[in-house]
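# Topology and contacts: notes
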Number of protein chains: 2
Amino acid sequence: MNDTHNPALRSWVESANDASSDFPIQNLPFGVFSNGGERRCGVAIGDRIVDVSAVADSFTGGAADIARACSAPVLNSVMAESNANLSEFRAQLSSLLSSDSASRTALEKALVPMADATLHLPADVGDYTDFYASIYHATNVGKLFRPDNPLLPNYKHVPIGYHGRASSLIPTGAEIARPSGQTHPSEKDPPKFGPSAGLDYEAEVGFFVGTPNRLGTAIPIDEAANHIFGFCLVNDWSARDIQSWEYQPLGPFLAKNFATTVSPWVVTREAIEPFRVPAFFRPADDPKPLPYLSSEEDEKAGGLDLTIEVFIRTSIMREGGLRPTRISVASFSDMYWTTAQMLAHHASGGCNLRTGDLLASGTVSGPEEGMQGCLLEITRRGANPLQLSSGEERKFLHDGDEIILRGYFERDGCARIGMGECSGRVVAHYSS
Amino acid sequence: MNDTHNPALRSWVESANDASSDFPIQNLPFGVFSNGGERRCGVAIGDRIVDVSAVADSFTGGAADIARACSAPVLNSVMAESNANLSEFRAQLSSLLSSDSASRTALEKALVPMADATLHLPADVGDYTDFYASIYHATNVGKLFRPDNPLLPNYKHVPIGYHGRASSLIPTGAEIARPSGQTHPSEKDPPKFGPSAGLDYEAEVGFFVGTPNRLGTAIPIDEAANHIFGFCLVNDWSARDIQSWEYQPLGPFLAKNFATTVSPWVVTREAIEPFRVPAFFRPADDPKPLPYLSSEEDEKAGGLDLTIEVFIRTSIMREGGLRPTRISVASFSDMYWTTAQMLAHHASGGCNLRTGDLLASGTVSGPEEGMQGCLLEITRRGANPLQLSSGEERKFLHDGDEIILRGYFERDGCARIGMGECSGRVVAHYSS
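Just so you know, the residues in each chain are numbered from 1, in the order the chain's sequence is written. A letter from A marks each chain and a number from 1 marks each ligand, given out in the order of writing. Local features in a predicted model are, by the rule used here, given only for residues with pLDDT of at least 70; side-chain atom pairs are given and counted only at 80 or more, and totals for whole chains, interfaces and linings are based on all residues. As a rule here, side-chain values cover all heavy atoms of the structure and leave hydrogens and water aside.

### A few points about the relation of the copies chain B and chain A
Threshold: Copy-to-copy superposition: least squares on the C-alpha atoms, limited to residues that have pLDDT of at least 70 in both copies. Whether two residues are in contact is decided by their heavy atoms, any of which lying within 4.5 Å being enough.
Overlaying chain B with chain A gives an RMSD of 0.0 Å, the required rotation being 180 degrees about an axis along which the chain moves by 0.0 Å. Taken together, these values place the two copies in the relation of a two-fold axis. The position closest to the rotation axis in chain B is occupied by the C-alpha of B:Gly251, lying 2.1 Å away. By residue overlap, the copies meet face to face through one surface: 100% of the interface positions of chain B are interface positions in chain A.

Rendered as C-alpha cells:
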C-alpha cells in the first residue's frame, strides 16, 4: 500500500504535479459537481474531477461502497462511511491516480475538466454552527463593541459558539445580495430600515461532521477528531450595522443569515494528518481547559498548519484587469480552541451532531496587523479605511466587491495541499 | 359548501362532539402518526386519526393532491401546497366528517384510534428559529440577568430572535435527559462541568412555514400570515446555569440545544381564523413599529386568542395518583410581536424560509403573577420556590418531573379548538 502522503508521489494527471496546484495526489478532496447532467460526488485531482461513481468498478471492498455512494447529489452518504472505508478508498484512489498506475485508461474516461463543471454545496447541512475560536478576533471585536470589557470572562473557559442558518448556505461563486435591515446609527435618531452600510466578510475554516452522535450522548475529546469528515473554507458574510443593533441579548441573527459561502472541496481528515501541530500555547496565567476539553493528544496535535489568505477584487480592478489585492494572511494554528475542542464542546450537553452538519471556526485572525480576517477588525469599524492597490479605499464592502478566500496546508517535508477558493461577489440585488 | 368554522357543525365521530375535546370538526389539525407500520400524515378528529391517504379517492381536485401527499412520513409536501388547495381540502374533509355525510362508511375504515398510534415530529424542519416576543418574559428575565438594564433598548423596535437547533427537536412524550455543561456558580471559584442544576422549561407557540420565500426576497408584512401553514406548542427546555455563563456575546447555545419538544398536531392557519384579535396594544410612548413590521390588518387581527396552560407532574404525584399541578395560564394575545411580524422580520434581510421551517414565539408570559411561562420567572431564578399541590417545592426541575403544555383557542360564538399536549419528562440519562 502507498503512503498516500508521500511528497514524492506523482500522478499521471500532469496538472496535479504542478507545485501551484491545490489538488496534488496527496490531497484528493471530495466535492459535488455537475457538467450538464445530474449532480454527483467527485474527487479533485489537478485541474480535473474524478467522476468516481462512473468508475466504481475500479474499487474493491469498502472503497467500492464509497465509490458507489458518489452517485448521490450530496456527500452525506460518503461522509457517513467508516473511517476505515474512507482510508481504504483514499489508498485505492491514490494508487489508481499515481504515475505507475495500470488503470490509467479506465480512469481517464471518468475525468471531467474542472473548468467545464459547476461546483455545488458539498452536503445537505442539517445544522450549521459558528464558533468564535480566535482570541485575537474576539479581542479586536470586543474592543469595538465593548471598549471597557473586550474579552468576556467566559472566553478562555468556553469555546463560544452559536447556531447559524442552514438555509442560506450557498456555494462558492454565488452572488451575495446586500441585505436590508434595521439599524440604529445615531442614538439621537430612531432606528431605521434599509440596505446595510456595514457589509463585511469573515474568513473562517469549516468542518463537516462524519460520524454522528446520538441525542444525549457526548463525544469525548479524544474521539472528537475522528468525528470530523473534512475541512473547507467558509465566508460568514456579516452586516455590522444590523449586528450591533440586534445582537443583545440573544446573539447575531439577521446580521448573518442572509448568506454564508461554503467552498466546494472538502479536504479530508486523513489528508490533513501531516499538518497537525500543537494546539494554541496557553500562557501560564490562562486557565487550563476543563477535562472534557482537554487531552494530551489534542494539546500535542490539535492545531493545524493551515494558512488562510483573503483577497478583494473590486469592480475597478475587474474592469481594469488588475490582480485582486491580498488583504490578510492568517494561520489557523493561532486559534485559541481546536476543532476537536469545538466539536466535543458542542456535543458535551448531549446535542446530537448529524452527518453533514457544518461547524465553522469563526473569523481566523492572528496577533499582528495584516492577520485580521474581517474588515471590522482591519478598519477598526471603518475608522481606518483599508487602502487598495487600485487607489480605492474601503471601510466596508461596496457593491461589486468580490472576496476570495484561499487556504493551504504547508509544512517542510510534505506536499502542499490547498483548499481551493471560496468566493462571492456583492451585488445590490439578486439579478433573477 | 359548509362554513367549516360553524359552531353548530357536528361529526359522526362522536368523541369530536365532546365539549372537552381538543379536536372537534372545526379544528382538523394535521400530524404524523404510525400504528405498527410506516409513518404517514393524518388529521385528528375527536379521539381518532383520519388516515388520509388511505381514503385519498374520497377527495377531488386540489384536495385530492393533499390527500395523496399524506402518504409521506412528514408534512412538508402538504405544507408546500397552496392555501387554495388547503382550504379546499379542509372543506371536503369537514363535509366528509360531518353528521350528515354520506361517506361515513368509506371514512370509518380509515379511522385509527389515537390511543393506538405513535405521534411523531410533524415535519422535517430545515431550520428552527426561536423568538423572544413576550415583553413580560423579556422584562422578567432581564431583571434577573441585568437588574440595571432589564429591557434592552432594541426590544420595542426589533422582534428579537435567534437560530435554534433543528437536530434536537423531539416529539411530545420523548424523555428529556438532563444536560451536563459548563457553569460558573460562584465568582470565587473556577467554572465547572457537570449536570445542570437549573433545568427549566419554556412554554411557547410554534408556527410552521408553508409557502417559502427565495433567498434575497423579503416577505411583506401584509403577506406574512399567508406564509404560515399552522401552529403547534413548543417546550424550549433551558439550562439556566449553563445559559447565564455561556450566553455572552453570541446568545444561548448548549443551554438550549439538548432538546426542544414539539407537539404533534399542527392547527392550520384557516382553523384559527375566527380567533384573530388585535395585536398588542402599544402604549402611546412605545415606538410605532417600522413600516416593514406594520400593517393595518396585522394591527387589527395579528393577535391570537390562544390560551397556554402549563402543568407539572412530579414522580411523587405520578406514584400517588395525584393530578398534575397547573403552574401557569397565559394568553398569546399578550405577545408584543405578532407571528406575522416575526416572520416578516425573519425574511426582511433576504433570509430564505423553507417549507417546514419552524419558528417559535419565545416564552409566553403575561403581565401578572400566575402568567409566567417558565420557572426562571416564577421562582425568580430559584429565590422564591414554587409550592406544589403535593407539598413539594421546586426552584428548577427535578429528575422525574413531567411538564405538560396545553393550548386552546376559545372565543364567544366559536367552537373551542385545542392544540393537544406537548409533554416531556426529565430523566437523569436516556435509558437506551
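### Some remarks on the packing of helix H1 (residues 61-69) of chain B against helix H3 (residues 83-97) of chain B
Helix-helix packing is described using two parameters, namely the angle between the two axes and the distance between the axes. All names here are of chain B. Note the threshold: Each axis is a line fitted through C-alpha atoms, and for a helix only the stretch in contact is used; angles between axes span 0 to 180 degrees, taken between their N-to-C directions. The secondary structure listing takes helices from DSSP runs of H or I that are at least 4 residues long and strands from runs of E that are at least 2 residues long, numbered from the N terminus. Note on angle classes: values under 35 degrees are labelled roughly parallel, values over 145 roughly antiparallel, values of 65 to 115 roughly perpendicular, and the remainder oblique. Charged residues are taken to be Asp, Glu, Lys and Arg, nonpolar residues to be Ala, Val, Leu, Ile, Met, Phe, Trp, Tyr, Cys and Pro, and polar residues to be all remaining types, Gly included.
Axis separation between H1 and H3 bottoms out at 8 Å; the angle between their running directions is 90 degrees. On the basis of the axis angle, H1 is roughly perpendicular to H3. Residues Gly62, Ala63, Asp65, Ile66 and Ala67 of H1 pack against Asn85, Leu86, Glu88, Phe89 and Gln92 of H3. Here the residues of the contact of H1 with H3 are counted per class, giving five nonpolar, three polar and two charged.

### Considerations on the sheet that holds strand S21 (residues 325-331) of chain A
Sheet strands pair via backbone hydrogen bonds, and the direction of the pair is either parallel or antiparallel. Residue and element names in this part refer to chain A. Definition in use: At least two DSSP bridges between two strands are required for those strands to pair.
With mixed pairing, five strands are arranged side by side in an open sheet as S9-S26-S25-S20-S21. The sheet is open, and its two borders are formed by strand S9 (176-177) and S21, each paired with just one other strand. Of the pairings in the sheet, the one linking S9 to strand S26 (residues 417-427) comprises two bridges and is parallel in character. Following the sheet pairing, Ile176 is matched in S26 by Val426.

### Overview of the packing of aromatic side chains
We apply this condition: The aromatic pairing rule takes the rings of Phe, Tyr and Trp, using the six-membered ring of Trp, and pairs them if the centres are within 6.5 Å, calling planes under 30 degrees apart stacked, those over 60 edge-to-face and the rest tilted. The classification of residues rests on relative accessible area computed with a 1.4 Å probe and restricted to protein chains. Under 20% of the type maximum is buried, over 50% is exposed, and intermediate values are partly exposed. Note on criteria: charge over ring means Lys NZ or Arg CZ within 6 Å of the ring centre, with the direction from the centre no more than 35 degrees off the ring normal.
Tallied over the entire structure, the rule returns 28 aromatic pairs over all chains. Consider the rings of B:Phe145 and B:Tyr247, whose centres lie 5.7 Å apart with planes at 70 degrees: the pair is edge-to-face. Here B:Tyr247 lies in the loop between helix H7 (240-246) and strand S16 (260-262) and B:Phe145 lies in helix H5 (residues 135-145), a separation of 102 residues in the sequence. Just as B:Phe145 is buried, B:Tyr247 falls in that class too. Residues B:Tyr155 and B:Tyr336 carry aromatic rings whose centres are separated by 5.9 Å and whose planes lie at 50 degrees to one another, so their mutual orientation is tilted. In this pair, B:Tyr155 sits in the loop between H5 and strand S7 (161-163) while B:Tyr336 sits in the loop between strand S21 (325-331) and helix H10 (339-347), placing the two residues 181 residues apart along the sequence. The pair formed by B:Tyr155 and B:Tyr336 is uniform in burial state, with each residue classed as buried. Ring-pair connections join several aromatic residues into one group, and the members of that group are A:Tyr132, A:Tyr136, A:Tyr155, A:Phe280, A:Tyr336 and A:Trp337. Seen from the ring of A:Tyr336, A:Arg282 lies directly overhead, with NZ or CZ sitting 4.0 Å from the centre. Sitting over the face of the ring of B:Phe145, B:Arg381 holds its NZ or CZ atom 4.5 Å from the ring centroid.

### Structural notes on the environment of B:Leu359
Residues and elements named next belong to chain B. By the secondary structure assignment, Leu359 is in strand S22 (residues 358-360). Sequence spacing of Leu359 and Phe208 is 151 residues, and the spatial spacing of their C-alpha atoms is 6.3 Å. The contact partners of Leu359, leaving out residues within four places of it in the chain, are Thr129, Phe131, Val205, Gly206, Phe207, Val209, Leu343 and His346.

### Considering the domain arrangement of chain A
All names here are of chain A. For clarity, the threshold we go by: Delimitation of the domains relies on an automatic or database domain assignment. Here the buried area means the combined drop in accessible surface, using a 1.4 Å probe, for two parts upon being joined, counting both sides. A pair is scored as a salt bridge if a Lys or Arg side-chain nitrogen falls within 4 Å of a carboxyl oxygen belonging to Asp or Glu. Side-chain atoms alone can form a polar contact between residues adjacent in sequence; in general such a contact is a pair of N or O atoms within 3.5 Å, and within protein one must be able to donate a hydrogen while the other accepts it.
For chain A, the assigned domains are domain 1 (3-120) and domain 2 (128-427). At the junction of the two partners, domain 1 supplies 32 residues and domain 2 supplies 28 residues. Summed over both partners, the interface of domain 1 with domain 2 comes to about 2,300 Å²; 60% of that surface belongs to carbon and sulfur atoms. Here domain 1 and domain 2 share two salt bridges between them. A salt bridge links Asp22 to Arg416, with the shortest nitrogen-to-oxygen separation between them at 3.3 Å. Between the two partners, domain 1 and domain 2, sit ten residue pairs in polar contact (both at pLDDT 80 or more). Looking at the side of domain 1 that touches domain 2, the elements with two or more residues in it are strand S1 (30-34), strand S2 (40-45), helix H2 (76-79) and helix H3 (83-97). In terms of residue count, H3 provides more of the side of domain 1 that touches domain 2 than any other element does, four residues in total.

### A word on the pattern of salt bridges
Tallied over the entire structure, the rule returns 48 salt bridges over all chains. Of the charged contacts, one joins B:Arg40 and B:Asp51 as a salt bridge, the two residues approaching to 2.9 Å between their closest N and O atoms. With B:Arg40 in strand S2 (residues 40-45) and B:Asp51 in the loop between strand S3 (48-50) and H1, this residue pair connects regions lying eleven residues apart in the sequence. Here the residues in one salt-bridge network are A:Asp200, A:Glu202, A:Asp236, A:Arg240 and A:Lys256, joined through shared partners.

### Considering the sheet that holds strand S4 (residues 111-113) of chain A
Residue and element names in this part refer to chain A. The strand order S4-S3-S2-S1-S5 describes an open sheet built from five strands, whose pairing is antiparallel. Edge positions in the sheet fall to S4 and strand S5 (118-119), since each of these pairs with one other strand and no more. Pairing of S1 with S5 involves two bridges; the strand directions are antiparallel. Following the sheet pairing, Ser34 is matched in S5 by Thr118.

### Quick notes on the side chain of A:Asn27
All names here are of chain A. With respect to the helices and strands, Asn27 occurs in the segment before S1. Judged by its relative accessible area of 0%, Asn27 falls in the buried class. Only 2.8 Å separates the side chain of Asn27 from the backbone oxygen of Gly418, close enough to count as a polar contact. Leave out the neighbours within four places in its chain, and Asn27 touches Asp22, Arg90, Val267, Ala271, Ile417 and Gly418.

### Quick word on the state of the cysteines
All names here are of chain B. Quick note on the threshold: Disulfide: a pair of cysteine sulfur atoms within 2.5 Å of each other.
Counted under the stated rule, the structure contains zero disulfides over all chains. Summary of cysteine pairing: Cys232 is not part of a disulfide, and the nearest cysteine sulfur, belonging to Cys422, is at 7.6 Å. For Cys232, a relative accessible area of 0% translates into the label buried.

### Points about the side chain of B:Glu377
As a reminder, the rule being used: Residues scored as charged are limited to Lys and Arg (positive) and Asp and Glu (negative), so that His and the chain ends carry no count.
Relative to the assigned elements, B:Glu377 resides in helix H11 (residues 375-378). Buried and unpaired, B:Glu377 has no salt bridge, with B:Arg240 as the nearest side chain of opposite charge at 6.4 Å.

### Here's the deal with the layout of surface pockets
Heads up, the condition is: Using a 1 Å grid laid over the protein atoms alone, points where a 1.4 Å probe fits but cannot get out form a cavity; open sets with protein on both sides within 12 Å along at least 5 of 7 lines form a pocket; any residue with an atom within 4 Å of a point counts as lining. Grid points are joined across faces, edges and corners, and a volume is the space filled by probe spheres set on the points.
Taken as a whole, the largest pocket holds about 560 Å³ of empty space. Lining the largest pocket are 26 residues, and of these A:Arg354, B:Ala123, B:Asp124, B:Val125 and B:Ala166 sit closest to its centre. Of all the elements in the fold, those that place two or more residues in the lining of the largest pocket are strand S5 (118-119) and strand S8 (169-171) of chain B. Broken down by class, the residue content of the lining of the largest pocket amounts to ten nonpolar, nine polar and seven charged. Estimates place the volume of the second largest pocket at around 480 Å³. If you go around the second largest pocket, you meet 19 residues; those closest to its centre are B:Glu187, B:Ser244, B:Trp245, B:Tyr247 and B:Gln248. Mapped by element, the contributors of at least two residues to the lining of the second largest pocket are H5 and H7 of chain B. Looking at side-chain class alone, the lining of the second largest pocket contains nine nonpolar, seven polar and three charged residues.

### As for the environment of A:Asn213
Residues and elements named next belong to chain A. In this fold, Asn213 is placed in the loop between strand S13 (203-209) and helix H6 (221-224). Separated by 105 residues in sequence, Asn213 and Glu108 have C-alpha atoms that sit 39 Å apart. Setting aside its immediate chain neighbours within four residues, Asn213 contacts Ile219, Ala347, Cys351, Asn352 and Leu353. One polar contact links the side chain of Asn213 to the main-chain carbonyl oxygen of Cys351, over a distance of 3.1 Å. A distance of 2.7 Å separates a polar atom in the side chain of Asn213 from the backbone nitrogen of Leu353.

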